[in-house]
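# Observations on the three-dimensional arrangement
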Amino acid sequence: MSELTVPEINNLARQLVKDLVPYASARSSMSGGAVWLNANENALAPAYQLDGTFNRYPSCQPQAVINAYAAYAGVSPEQVLVSRGADEGIELLIRSFCEPKIDSITICPPTYGMYAISAQSNQTAVNKVLLLNSEQLDLAGIFATEPKLVFICSPNNPTGDLIPRQQIIAVLEHFKGKALVVVDEAYIEFSPEASVVPLLSRYPHLVVLRTLSKAFGLAGLRCGFTLAAPAVICALKKMIAPYPIAEPVAQIAAQALSAQGIVQMQHSVKTINKLRNDFIGAAQQLPGVQRVWPSNANYVLLQVADAADCVAALINADILIRNQSSQLGLSQVVRVSIGSPDEMQRLATAMQQYFSEDKPDPENLEKREHA
Ligand SMILES: *Cc1c(COP(=O)(O)O)cnc(C)c1O
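Numbering of residues starts from 1 in every chain and runs along the sequence as written. Local features in this predicted model are restricted to residues of pLDDT 70 or higher, and side-chain atom pairs are both shown and tallied only at a pLDDT of 80 or more, whereas totals for entire chains, interfaces and linings draw on every residue. Only hydrogens and water are set aside; all other atoms, that is, all heavy atoms of the structure, feed into the side-chain values.

As annotated in an unreviewed UniProt entry, the chain is Histidinol-phosphate aminotransferase from Arsukibacterium tuosuense. UniProt positions are given in the numbering used here, feature names are shortened, and annotations may be inferred rather than shown by experiment. UniProt annotates the chain under Pathway (unreviewed entry) with the comment "Amino-acid biosynthesis; L-histidine biosynthesis; L-histidine from 5-phospho-alpha-D-ribose 1-diphosphate: step 7/9." Note on the chain: under the UniProt heading Catalytic activity (unreviewed entry), the record states "L-histidinol phosphate + 2-oxoglutarate = 3-(imidazol-4-yl)-2-oxopropyl phosphate + L-glutamate".

### Concerning helix α5 (residues 114-121)
Listed as buried for α5 are M114, Y115, S118 and A119. The buried side chains of α5 occupy one side of the element, clustering within an arc of 135 degrees when seen end-on. Here a residue-residue contact requires only that any non-hydrogen atoms of the pair lie within 4.5 Å. We count a stretch as a helix when DSSP gives it H or I for four or more residues in a row; a strand needs E for two or more, and each element gets its number in order from the N terminus. The inward-facing, buried residues of α5 contact α4 (85-97), β3 (104-107), β4 (125-128), β5 (149-153) and β6 (180-184). Downstream of α5 by a residue or two, Q123 has a phi angle that is positive, lying close to 50 degrees. Burial classes follow relative accessibility: with a 1.4 Å probe on protein chains only, a residue under 20% of its type's maximum area counts as buried, one over 50% as exposed, and anything between as partly exposed. This arc describes the spread of directions from the helix axis toward the C-beta atoms.

### Re the pattern of salt bridges
Only one rule defines a salt bridge in this text: a Lys or Arg side-chain nitrogen within 4 Å of an Asp or Glu carboxyl oxygen. With the rule as written, the count across this model stands at seven salt bridges. In this structure, R84 and E88 form a salt bridge, with 3.1 Å as the shortest nitrogen-oxygen distance. According to the relative accessible area criterion, E88 is buried, its value standing at 7%. For the salt bridge of D103 with K148, the shortest nitrogen-to-oxygen distance reads 3.0 Å. Separated by 45 residues along the polypeptide, D103 in the loop between α4 and β3 and K148 in the loop between α6 (139-143) and β5 bring together distant segments of the chain.

### Let's talk about the packing of aromatic side chains
Geometry of aromatic contacts follows a simple scheme: Phe, Tyr and Trp rings, the Trp one being its six-membered ring, pair when their centres are within 6.5 Å, and the pair is stacked under 30 degrees between planes, edge-to-face over 60, tilted otherwise. The tally for this structure, following the rule as stated, stands at nine aromatic pairs. Consider the rings of Y69 and Y72, whose centres lie 5.2 Å apart with planes at 75 degrees: the pair is edge-to-face. Residue Y69 and its partner Y72 are located together in helix α3 (residues 63-73), separated by three residues, close to a single helical turn. Taken together, a centroid distance of 5.6 Å and an interplanar angle of 80 degrees make the contact between Y72 and F216 edge-to-face. Of this pair, Y72 sits in helix α3 while F216 is found in the loop between β7 (206-211) and β8 (224-228), placing the two residues 144 residues apart along the sequence. Given a relative accessible area of 3%, F216 falls into the buried group.

### Some remarks on empty space enclosed by the protein
Using a 1 Å grid laid over the protein atoms alone, points where a 1.4 Å probe fits but cannot get out form a cavity; open sets with protein on both sides within 12 Å along at least 5 of 7 lines form a pocket; any residue with an atom within 4 Å of a point counts as lining. Grid points are joined across faces, edges and corners, and a volume is the space filled by probe spheres set on the points. Across all of its chains, the model carries two cavities of 30 Å³ or more by this definition. Of the volumes computed, that of the largest cavity is approximately 50 Å³. Considering the residues around the largest cavity, the lining is formed by F279, A282, A283, L286, A348 and Q352. Where the lining of the largest cavity is concerned, the elements lending two or more residues are α10 (259-285) and α12 (341-356). If you tally residues by element for the lining of the largest cavity, the top one is α10, at three residues. Polar here means any residue outside two lists: the nonpolar Ala, Val, Leu, Ile, Met, Phe, Trp, Tyr, Cys and Pro, and the charged Asp, Glu, Lys and Arg; Gly therefore counts as polar. Partitioned by chemical class, the residues of the lining of the largest cavity number five nonpolar, one polar and no charged. The space that makes up the second largest cavity amounts to roughly 40 Å³.

### A few points about the site of the ligand
The full set close to the ligand counts 13 residues, and D184, Y187, T211, S213 and K214 are the nearest of them. Polar contacts here mean pairs of N or O atoms no more than 3.5 Å apart (in protein, one a potential hydrogen donor and the other a potential acceptor; neighbouring residues in sequence count only if both atoms are side-chain atoms). In the environment of the ligand, an oxygen atom lies 2.6 Å from a nitrogen or oxygen atom belonging to the backbone of A86. Interatomic distance of 3.0 Å between a side-chain N/O atom of K214 and an oxygen atom of the ligand. Each accessible area is a Shrake-Rupley result for a 1.4 Å probe, and residues are judged covered by the shown protein chains and nothing else. Contact with the protein chains hides 94% of the accessible area of the ligand, taken as 390 Å² for the molecule alone. For this description, a residue counts as near a given molecule or strand if any of its non-hydrogen atoms is within 4 Å of it.

### Re the domain arrangement of the chain
Domains are outlined according to an automatic or database domain assignment. As assigned here, the chain comprises domain 1 (6-43 + 262-357) and domain 2 (63-257). For domain 1 and domain 2, the distance between their C-alpha centroids amounts to 23 Å. Taken together, the contacts link 29 residues of domain 1 with 32 residues of domain 2. Two parts lose some accessible area (1.4 Å probe) when they are put together, and adding that loss for both gives the buried area. With both chains or domains summed, domain 1 and domain 2 bury close to 2500 Å², and 60% of this area falls on carbon and sulfur atoms. Counting every contact that joins domain 1 to domain 2 gives zero salt bridges.

### Some thoughts on the UniProt feature "domain: Aminotransferase class I/classII large" (unreviewed entry) in the chain
Here the UniProt feature "domain: Aminotransferase class I/classII large" (unreviewed entry) sits at residues 48-350. Split by type, residues 48-350 is 38% helix and 17% strand. Its first and last C-alpha atoms lie 33 Å apart.

### Observations concerning the sheet that holds strand β10 (residues 299-304)
Pairing is antiparallel in the open sheet, where four strands are placed in the order β9-β10-β13-β12. Bordering the open sheet on either side are β9 (289-292) and β12 (322-323), each of which pairs with just one other strand. Pairing between strands requires that DSSP locate at least two bridges from one strand to the other. Relative to strand β13 (residues 333-337), β12 runs antiparallel, the two being bridged by two bridges. Bridged to R322 within β13 is R335.

### A short note on the pairing of β13
Summarising burial for β13: five of the five residues are buried, a large majority. Burial of the side chains of β13 extends over both faces: V333, R335 and S337 are buried on one face and V334 and V336 on the other. Sheet topology places β10 next to β13; five bridges connect them, and they run antiparallel. The residue of β13 that forms the bridge with L302 is V334.

What follows is the structure, given as structure tokens:
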């Protein structure tokens, strides 16, 4: 049999795949840079040890990890699913609850990109109901949609706002018996009092997403959790791969969720929250920064005159931040993840220098964006 040429392989792919645009993650779109402040990772990460052999297949849902997370989150083990990051939880929810080409999801931009990407790869329509003033849910707009899943991100990425609990309750009340309401709490450790986990006992159609990638400093581990009524967890378990959690992942996750691991996480959260508040205070003093969003997480959104120029200038100083201007409802904004004290010092110096320079002529902005 002769080898297939590239065009022939492309012809074999499903139409859906031909139409998909490859996802550009913060990591894939990186070009150099020593200081990484573009993916909301935790720079204050502890080191872990592995032991044992790995010749056996792992447990699909390692009990030690499930039990530890249930205890940490204050739910029962039957309400917990562990997956390859919260991203896999998002994908499993869509694949388990949305009939391709028939059902839809509702999201509230500007928000996390993976809800729409996972929906697209499951041929599921996406209703977009913009946040009001980029911080409050548009309840009337959300109630006008008929989704299977509503995604609410709180603290919201990239704005950093907490969605008011009363609004989340209003959405839960409206969609009783009609849809699942998924609250993405990827950053909840930075504002733990705002968690909606206590509502799980009242609302069996509430789903909460969690991760070890942010406050726990384990983005490289790929380990996340879905918290929901046992019936929801059972549905997801039918769709998950047989061995989604590698044995080394299970070992490290169990260490991170030990009493000592949780204390360590809470300590780094305290440090990061202080660095964030200091950064917000300093950014508000910079003449070129037009708006600083309040933040309840480990990142801060800033509006500047020219986001692409600002990102490029910081790359020249070896600092990577993320341009969020392509988000619906946001324009000329950059998102800065909070790094180590040393990294934040370097950032402050670079930003002071950038904003004290003469800014480019606004008439040239459009030309550069198209270049
Ligand atoms: C980072 C992030 C996730 C994904 O977490 P992983 O566990 O790394 O897949 C989910 N939701 C939001 C809002 C995030 O920012």
